[in-house]
Amino acid sequence: MRMSKGRVGRHLLGLAVAGLTLATGSAAFAELGQPAPWEWTLQQSGSPVMDNIVWFHNFLFVLIALITLFVLALLVVVVIKFNARANPVPSRTTHNTLIEVAWTLVPVLILVGISVPSFRLLFLELDVPKADLTIKATGKQWYWSYAYPDNGKFEFDSLMAQDKQPRLLGVDNEMVVPVNKVIRVQVTGADVIHAFALPAFGVKIDAIPGRLNETWFKAAKTGMFYGQCSELCGKDHAFMPIAIRVVEDKEFASWVETAKKKFASGGTGTYASAAGPTQ
Ligand SMILES: [Cu+2]
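Residues numbered from 1 in each chain as written. Predicted model: local features only at pLDDT ≥ 70, side-chain atom pairs only at ≥ 80, totals over all residues. Heavy atoms only, no water.

**Considerations on unusual backbone geometry**
Across the chain, the bulk of peptide bonds are trans and the bulk of non-glycine residues have phi less than zero. Defined as follows: A run of H or I in DSSP becomes a helix once it reaches four residues, and a run of E becomes a strand once it reaches two; helices and strands are each numbered from the N terminus.
Each neighbour pair has its own omega, and for Gln141 with Trp142 the value is 0 degrees, a cis peptide bond. Relative to the assigned elements, Trp142 resides in the loop between β1 (133–140) and β2 (143–148). Residue Gln165 is joined to Pro166 through a cis peptide bond whose omega torsion reads -10 degrees. Mapped onto the secondary structure, Pro166 falls in the loop between β3 (154–158) and β4 (175–178). Within the chain, Trp38 stands out as a residue other than glycine whose phi angle is a positive 60 degrees.

**A word on the sheet that holds strand β9 (residues 223–228)**
The criterion, for reference: Here, any two strands with at least 2 DSSP bridges between them count as paired. As a rule, the C-alpha atoms of each element are fitted with a line to give its axis, helices using only the stretch in contact, and angles between N-to-C directions run from 0 to 180 degrees.
Spatially, β4-β10-β9 is the arrangement adopted by the 3 strands of the open sheet, whose pairing is mixed. For this open sheet the edge positions go to β4 and β9, each flanked by a neighbour on one side alone. For this sheet, the mean inter-axis angle between neighbouring strands, taken without regard to orientation, is 25 degrees. Looking at chain direction, β4 and strand β10 (residues 241–247) are connected through 4 bridges and run parallel. Note that in β10 the partner of Met175 across the bridge is Ile244.

**Considering the sheet that holds strand β8 (residues 213–217)**
How we decide: Any two residues whose heavy atoms approach within 4.5 Å are treated as being in contact.
Overall, mixed pairing links the 5 strands, which are arranged β3-β2-β1-β5-β8 in an open sheet. Looking at strand neighbours, the two that pair on one side only are β3 and β8, the edges of this open sheet. This sheet shows a mean twist of 25 degrees between the axes of neighbouring strands, independent of strand direction. The sheet contact formed by β1 and strand β5 (residues 183–189) spans 7 bridges and is parallel. Across the sheet, residue Ala137 finds its bridge partner in β5, namely Val187. The sheet contacts of helix α4 (residues 249–262) involve β1, β2 and β3, and relative to β3 the element is tilted by about 90 degrees.

**Observations concerning the side chain of Ser158**
Test applied: Pairs of N or O atoms within 3.5 Å make up the polar contacts considered here, provided that, within protein, one atom can donate a hydrogen while the other can accept it, and that residues adjacent in sequence are counted only when both atoms are side-chain atoms.
Secondary-structure assignment places Ser158 in strand β3. Of the polar contacts made by the side chain of Ser158, one reaches the backbone oxygen of Asn173; its length is 2.6 Å. Apart from the residues lying within four places of it in its own chain, the contact partners of Ser158 are Tyr143, Trp144, Tyr146, Val171, Asp172 and Asn173.

The structure is reproduced here in structure tokens:
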């Protein structure tokens, strides 16, 4: 099987075009900000980082599908053309320099082609841009606390609310952020390792005691966005959802005023000291 240079070029161009087409197409069954029943795609994107993750995911999917089909086709050809009946006198060829160079070089080029968007995405995720707002999220057994050091230093606990929808995702006090602003989230753990994850924003970062991790997102739309603790952290690991309400600037400002009063006493510590670090 020989592949001319032109064919390889056309092949790779085809992959790129197919990847782009898939990435721009809408994702069936995926809702914005929360999971949906029978979902088989990624959640709808709500941030520039997630846009890039979705694109990269689709790009790799096309690439891997084409490679798998190509290898399958080669296997079928071998089975049909070179079995003992069809090919009673086998060739004694052992080397073919051109094809050996090609099957070394082509995979290398494919990997280099993958690494470029991969590193670009990695830097986009890890390189926090100049933030408009900083929020500190602390993972605790088994709820989250959010502190707003830029807006009066208030802090409050966010616990799962049994009576709220969506089930297992609704909380009593949501994290509230303004739309289209760069939000820097500093993440830490108070007792054991938790993980702050919000699929629609492409955010997932460990909350480790004694360590301050940083991530960021820029919500593209207003609305409710849900995530969950994503590190096994004890018996109620599944019941410490992350709920973020994205609002317009004005609404955010008025929420800050209310929150300053509501959480003046400091909501933090109440449950942590009562529960203690148990497994
Ligand atoms: Cu947790």
